Amino acid sequence: MARKKSTDALLKFTDSVGIEQASSVKQQISDSLKANKVTIVDFSELQDIDSSIIQLLLSAKQEADLLKKDFFVQNIPDNIKNLMQVMSVVLPSKKDEG
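So, here is what we can say about the structure in this document.

The rules behind each value
Residues numbered from 1 in each chain as written. Predicted model: local features only at pLDDT ≥ 70, side-chain atom pairs only at ≥ 80, totals over all residues. Heavy atoms only, no water. Phe/Tyr/Trp six-rings, centres within 6.5 Å; stacked < 30°, edge-to-face > 60°. Lys NZ or Arg CZ within 6 Å of the ring centre and 35° of its normal. 1 Å grid on protein atoms, 1.4 Å probe; cavity = no way out; pocket = protein on both sides within 12 Å on 5 of 7 lines; lining within 4 Å. Points joined across faces, edges and corners; volume = space filled by probe spheres on them. Helix = DSSP H or I, 4+ residues; strand = E, 2+ residues; numbered from the N terminus. Nonpolar A, V, L, I, M, F, W, Y, C, P; charged D, E, K, R; others polar. Buried < 20%, exposed > 50% of the residue type's maximum accessible area, 1.4 Å probe, protein only. Polar contact = N/O pair within 3.5 Å; in protein donor to acceptor, adjacent residues only side chain to side chain. Core = buried A, V, L, I, M, F, W, Y, C linked by side-chain atoms within 4.5 Å. Contact = heavy atoms within 4.5 Å. Expected span 1.5 Å × (residues − 1).

Let us now look at the packing of aromatic side chains. Under the defined criterion, the tally for this structure stands at zero aromatic pairs. Across from the ring centre of Phe72, 4.8 Å away, lies the NZ or CZ of Lys94, which sits over that ring.

Encoded structure:
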């Protein structure tokens, strides 16, 4: 089984993440993008997010593209997939390797 390279970062958010946590989430993702070749946001422990976080994830993808880095999401719960679909949002996803 392939192991993640040391230049990969896995960020996990839990419970519910909304506008109140947006600044912190933005900083964590931005720091990860600057320090790592690949940033993966894992939603496996996330129950709910609001549209501000989806907008933030889109912004993170744009930042990653500018930095020539990879940005993925994985383990997206159905309720979050549905919200993204309603918003016509598509983010690159990565299959869980663990």
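Okay, back to it.
Turning next to empty space enclosed by the protein. Taken as a whole and assessed by the stated rule, the structure comprises one cavity of 30 Å³ or more. A volume near 40 Å³ is recorded for the largest cavity. Surrounding the largest cavity, Phe13, Val17, Val25, Val41, Phe43, Leu46, Ile49, Ile53 and Leu57 form its lining. Of all the elements in the fold, those that place two or more residues in the lining of the largest cavity are β4 (46-49) and α2 (51-67). Here the residues of the lining of the largest cavity are counted per class, giving nine nonpolar, no polar and no charged.

This paragraph deals with the environment of Thr39. For Thr39, the location among the structural elements is in strand β3 (residues 38-42). Its relative accessible area of 0% is what places Thr39 among the buried residues. Between the C-alpha atoms of Thr39 and Pro77, which are 38 residues apart in sequence, the distance is 19 Å. One polar contact links Thr39 to Ser32, side chain to side chain, over a distance of 2.8 Å.

Counting 24 residues, the largest nonpolar core has Ile29, Val41, Phe43, Leu57 and Phe71 as the members making the most contacts within it. Taken together, the elements giving at least two residues each to this core come down to α1 (22-35), β4, α2, β5 (70-74) and α3 (78-86). Tallying contributions element by element places α2 first for this core, with six residues. Excluding anything up to four places from it in sequence, Ile29 contacts Leu11, Val41, Leu56, Leu57, Ala60 and Phe71.

Compared with an ideal rise of 1.5 Å per residue, which puts 17 residues at 24 Å, α2 spans 24 Å between its outermost C-alpha atoms and is within 8% of the ideal. All of the buried residues along α2 are Ser52, Ile53, Ile54, Leu56, Leu57, Ala60 and Ala64. In this structure, the buried residues of α2 make contact with β2 (15-17), α1, β3, β4, β5 and α3. Backbone geometry just after α2 places Lys68 at a positive phi near 60°.

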